[in-house]
There are 2 protein chains.
Amino acid sequence: MSEICRVVVDAMGGDNAPLSNVEGAVDAVNKNENLQVVLVGKEEEVPPLLSKYTYDKSRIEFVAATETIDMGEAPVKAIRAKKDSSMVVGMKMVKNGEADAFVSAGSSGAILVGGQVIVGRIKGVERPPLAPLIPTAKGVSLLIDCGANVDARASHLVQFAKMGSVYMENVVGIKKPRVAIVNIGAEEEKGNQLVKETYPLLKNCPDINFVGSIEARDIPAGDADVIVCEAFVGNVILKLYEGLAKTLVSKLKEGMMATIRGKIGGALVKPSLKKSLKAFDASEHGGAPLLGLTGLVVKVHGNSTRKEICNALMQCENFKAMKINDKIKTMVDINEE
Amino acid sequence: MSEICRVVVDAMGGDNAPLSNVEGAVDAVNKNENLQVVLVGKEEEVPPLLSKYTYDKSRIEFVAATETIDMGEAPVKAIRAKKDSSMVVGMKMVKNGEADAFVSAGSSGAILVGGQVIVGRIKGVERPPLAPLIPTAKGVSLLIDCGANVDARASHLVQFAKMGSVYMENVVGIKKPRVAIVNIGAEEEKGNQLVKETYPLLKNCPDINFVGSIEARDIPAGDADVIVCEAFVGNVILKLYEGLAKTLVSKLKEGMMATIRGKIGGALVKPSLKKSLKAFDASEHGGAPLLGLTGLVVKVHGNSTRKEICNALMQCENFKAMKINDKIKTMVDINEE
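Residues numbered from 1 in each chain as written. Chains lettered and ligands numbered in written order. Predicted model: local features only at pLDDT ≥ 70, side-chain atom pairs only at ≥ 80, totals over all residues. Heavy atoms only, no water.

Asks: Just checking my understanding: could you explain the overall build of chain A for this structure?
Replies: When you go through chain A residue by residue, the secondary structure sums to eleven helices and eleven strands. Here the C-alpha radius of gyration of chain A, 21 Å, is about what a compact globule of 337 residues would show, namely 20 Å. Considered along the principal axes of its C-alpha atoms, chain A spans approximately 70 × 55 × 40 Å. The buried share of chain A, reckoned over its 337 residues, is 59%. Relative to all contacts within chain A whose residues are 6 or more apart in sequence, the contacts with residues 24 or more apart total 72%. Summed over all atoms, the accessible surface of chain A reaches about 13600 Å², with 52% contributed by carbon and sulfur. Computed over 42 positive and 41 negative side-chain charges, the inter-centroid distance for chain A is 4 Å. (Helix = DSSP H or I, 4+ residues; strand = E, 2+ residues; numbered from the N terminus. Rg over C-alpha atoms; globule rule 2.2 N^0.38 Å. Buried < 20%, exposed > 50% of the residue type's maximum accessible area, 1.4 Å probe, protein only. Contact = heavy atoms within 4.5 Å. Areas by Shrake-Rupley, 256 points an atom, 1.4 Å probe, with all protein chains shown as cover. Lys, Arg positive; Asp, Glu negative; His and termini not counted. Charge placed at Lys NZ, Arg CZ, Asp CG, Glu CD.)

Asks: Please explain the pairing of strand 4 (residues 101–104) of chain B as it appears in this structure.
Replies: Residue and element names in this part refer to chain B. In strand 4, alternate side chains face the same way, and those of Ala101 and Val103 on one face and Phe102 and Ser104 on the other are all buried. The pairing of strand 1 (residues 5–10) with strand 4 spans three bridges and is classified as parallel. Each residue of the ladder has a partner; that of Val9, found in strand 4, is Val103. Sheet analysis places strand 4 next to strand 11 (residues 296–299), joined by four bridges and oriented parallel. Across the sheet, Ala101 pairs through a bridge with Leu296, a residue of strand 11. (Pairing = 2+ DSSP bridges.)

Asks: Teacher, can you tell me more about the sheet that holds strand 11 (residues 296–299) of chain A here?
Replies: Each strand in a sheet pairs with its neighbour through backbone hydrogen bonds, running either in the same direction (parallel) or in the opposite one (antiparallel). Residues and elements named next belong to chain A. Read from one edge of the open sheet, six strands run 3-2-1-4-11-10, paired in mixed fashion. The sheet terminates laterally at strand 3 (60–64) and strand 10 (288–290), the two strands that pair on one side only. Sheet twist, expressed as the mean angle between neighbouring strand axes with direction ignored, is 25°. Taken together, the five bridges between strand 2 (residues 35–41) and strand 3 define a ladder with parallel strand orientation. Bridging from a neighbouring strand, Val40 pairs with Val63 of strand 3. Lying over the sheet, helix 1 (residues 19–31) contacts strand 1 (5–10), strand 2 and strand 3, oriented at roughly 165° with respect to strand 2. Packed on one face of the sheet, helix 5 (residues 108–119) meets strand 4 (101–104), strand 10 and strand 11 and runs near 175° to strand 11. (Axes fitted to C-alpha atoms, helices over the stretch in contact; angles between N-to-C directions.)

Asks: Sorry, what's going on with the relation of the copies chain B and chain A here?
Replies: With an RMSD of 0.1 Å, chain B superimposes on chain A once it is rotated by 180° and translated 0.0 Å along the axis. Between the two chains, the operation in question is that of a two-fold axis. Taking C-alpha positions as the reference, the residue of chain B nearest the rotation axis is Gly265 of chain B, at 2.0 Å. Of all interface residues in chain B, 100% are interface residues in chain A too; the two copies therefore contact each other through one and the same surface. (Least-squares fit on C-alpha atoms with pLDDT ≥ 70 in both.)

Asks: Got a minute to help me understand the nonpolar core in this structure?
Replies: Soluble globular proteins tend to bury their nonpolar side chains together. Leu39, Val182 and Leu313 of chain A together with Leu39, Val182 and Leu313 of chain B are the most contacted members of the largest nonpolar core, which has 177 residues in total. When neighbours within four sequence positions are excluded, Leu39 of chain A is seen to be in contact with Val9, Ala11, Asn21, Val22, Ala25, Val46, Leu50, Ile60, Glu61, Phe62 and Val63 of chain A. (Core = buried A, V, L, I, M, F, W, Y, C linked by side-chain atoms within 4.5 Å.)

Asks: Explain the packing of helix 4 (residues 86–95) of chain A against helix 5 of chain A here, please?
Replies: Any two packed helices are characterised by how steeply their axes cross, that is the angle between the axes, and by the distance between the axes. Residues and elements named next belong to chain A. It is at 9 Å that the axes of helix 4 and helix 5 come closest, and there the two elements cross at 40°. By the angle between their axes, helix 4 is oblique relative to helix 5. Where helix 4 crosses over helix 5, the two elements pack in a sense that is right-handed. Residues Met87, Val88, Met91, Lys92, Val94 and Lys95 of helix 4 form the contact with helix 5, whose participating residues are Ala110, Ile111, Gly114, Gly115, Ile118 and Val119. (Parallel < 35°, antiparallel > 145°, perpendicular 65-115°, else oblique. Left-handed = near helix turned anticlockwise from the far one by under 90°.)

Asks: Sorry if this is basic, but what is going on with the interface of chain B and chain A here?
Replies: Accessible area lost upon the coming together of the parts is a frequently used measure of interface size. The interface is formed by 48 residues belonging to chain B together with 48 residues belonging to chain A. At the surface where chain B touches chain A, the tally comes to four salt bridges. Lys239 of chain B serves as the salt-bridge partner of Glu215 of chain A, at 2.3 Å between the closest nitrogen and oxygen. Summed over the shared surface of chain B and chain A, the result is twelve residue pairs in polar contact (both at pLDDT 80 or more). At the level of secondary structure, the elements contributing two or more residues to the side of chain B that touches chain A comprise strand 7 (178–183), helix 7 (193–203), helix 8 (231–257) and helix 9 (260–279) of chain B. By residue class, the composition of the side of chain B that touches chain A is 27 nonpolar, 14 polar and seven charged. (Salt bridge = Lys/Arg side-chain N within 4 Å of Asp/Glu carboxyl O. Polar contact = N/O pair within 3.5 Å; in protein donor to acceptor, adjacent residues only side chain to side chain. Nonpolar A, V, L, I, M, F, W, Y, C, P; charged D, E, K, R; others polar.)

Asks: Hey, could you run me through the pattern of salt bridges in this one?
Replies: All names here are of chain A. As enumerated under the stated definition, the model contains 26 salt bridges over all chains in all. With a shortest N-O distance of 3.7 Å, Lys138 and Asp223 are connected by a salt bridge. Separated by 85 residues along the polypeptide, Lys138 in the loop between strand 5 (133–136) and strand 6 (139–144) and Asp223 in the loop between strand 8 (209–215) and strand 9 (226–228) bring together distant segments of the chain. Of the residues examined, Lys138 reaches a relative accessible area of 59% and is grouped as exposed.

Quick look at the structure:
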């Protein structure tokens, strides 16, 4: 039997809290015998829900937290002030070694801030990037960073490239993942100041398989496995993916519904369209890890369902089993020699 | 009769040169009696083509240029060295007042460089932005800047907002266009250094209808008319639009072709899908003007067809008729008081 992985779930985070979070936890322990879950949340809400399900009682624990952090709250202030929130209590357990990972569908800002100030960075890691998997024509690519590190420096981007490579190779199973930097042209001399500084550093980096620049046009085609960018750009890419797919699909539907011929055809193609679109939905590809922390923190979509919470818990188990943090530490050590 | 608008067309630029460029020019003068066109290009290629068409001979002129600037050439070097290229010769005509506008499907980089160093900026304009129209659920929005101004300053973005407003109001006909700045959250305190600096300046700008931040997710829905951003981000948005639509469509087709039911339905929905997709094709919405120059420079897509060249010429006539540059000059004067 493999090592036990203990994950704290922020029971109060997300649009479907606490129901989806509790159900996802139950599913995960029923599916994966290496998982133990700690649900952190309100005494009056979580235990009564939990009592309705069947699972190995020794593998889901409840810890009470009286406060919650809402989506609209200023992250830094909320993390500081709400000491008894599900997020702060949960992250402290990771910090203190009482758990390996923390999963939340709550406020992204608070997760990013809490990850850095409560859980803390691995020594040598300059900035922890948020790295979601995005769908492509060929499968998935890791978009790193979509997080809080706006106005990053070149040295940060080099670490993102390395951490992203470790993740893609070990968690997603892609050998020698192709690393590219988001740029506005394919040539080495193109780009803004940050890209021009970062490009030669990536080119001379022995630990990664750097393939050069990638234009945004070629990201959906799957031309690279690890897409390195500064967080502002990463956020624009991730959100445009979401928004454009949504608008395009509604335009296509509208077009089909405009004629009788289209309506009949539309009814016939509906199942296949649904399947294709699902494969291309960014929220279908698990949680986004905040890499480079002493423990794992995973941000899942705010409207995550039972299935997505369960998948994120599996992802944590895989992360621990593959010893990602040990690999990141080794990588940082090599850098510092 | 309105004023005559004289436009130079780079006959040698683009994938379909010189044929589409010549045909587009012929169509434009046949459609719009205020247009005069100057085709600049190779003596041995352009006049023989032109002689095959019927049009008012007094309204299309040919000017010889022995050189061409290729897509792969370094822009600054090419503009400097190739004095007798169609691009340099054409832009000089605008500079010297022999023409009002210049249209090219050639190298974007060379167009951007040539626009600035040959045609030159309106006094007071700090940086000329490239501003294409992008399709949205509600029509089109102006994405400003997608050009060469990477690492822009806040004052540049404020000018983009103003010039973009003038363009949308007068050329596209949207009253009080809603101006938004691309950001990674809706709140004023969100963003990178540049956005944080620019936001209050836009908020306090009396000449525009500033509606705040826009997240990339909401751009395709058409939540703003003028989308202000720094060129690196604008380029990522424009190219991701292109790439994502392409990949999504091929995924949908692949999905439909996987079952017999889907194949039959697919045949039925094909015409309506084609129509919807065309409306959502960024290259269908005319050329991208480089705003803030003493004359107008319009960059059209490299694979522009006859129709697109013709549309870009119409756009130039409209630009002159609406006195956009006078309006930009007034705006700049107001700023400098």
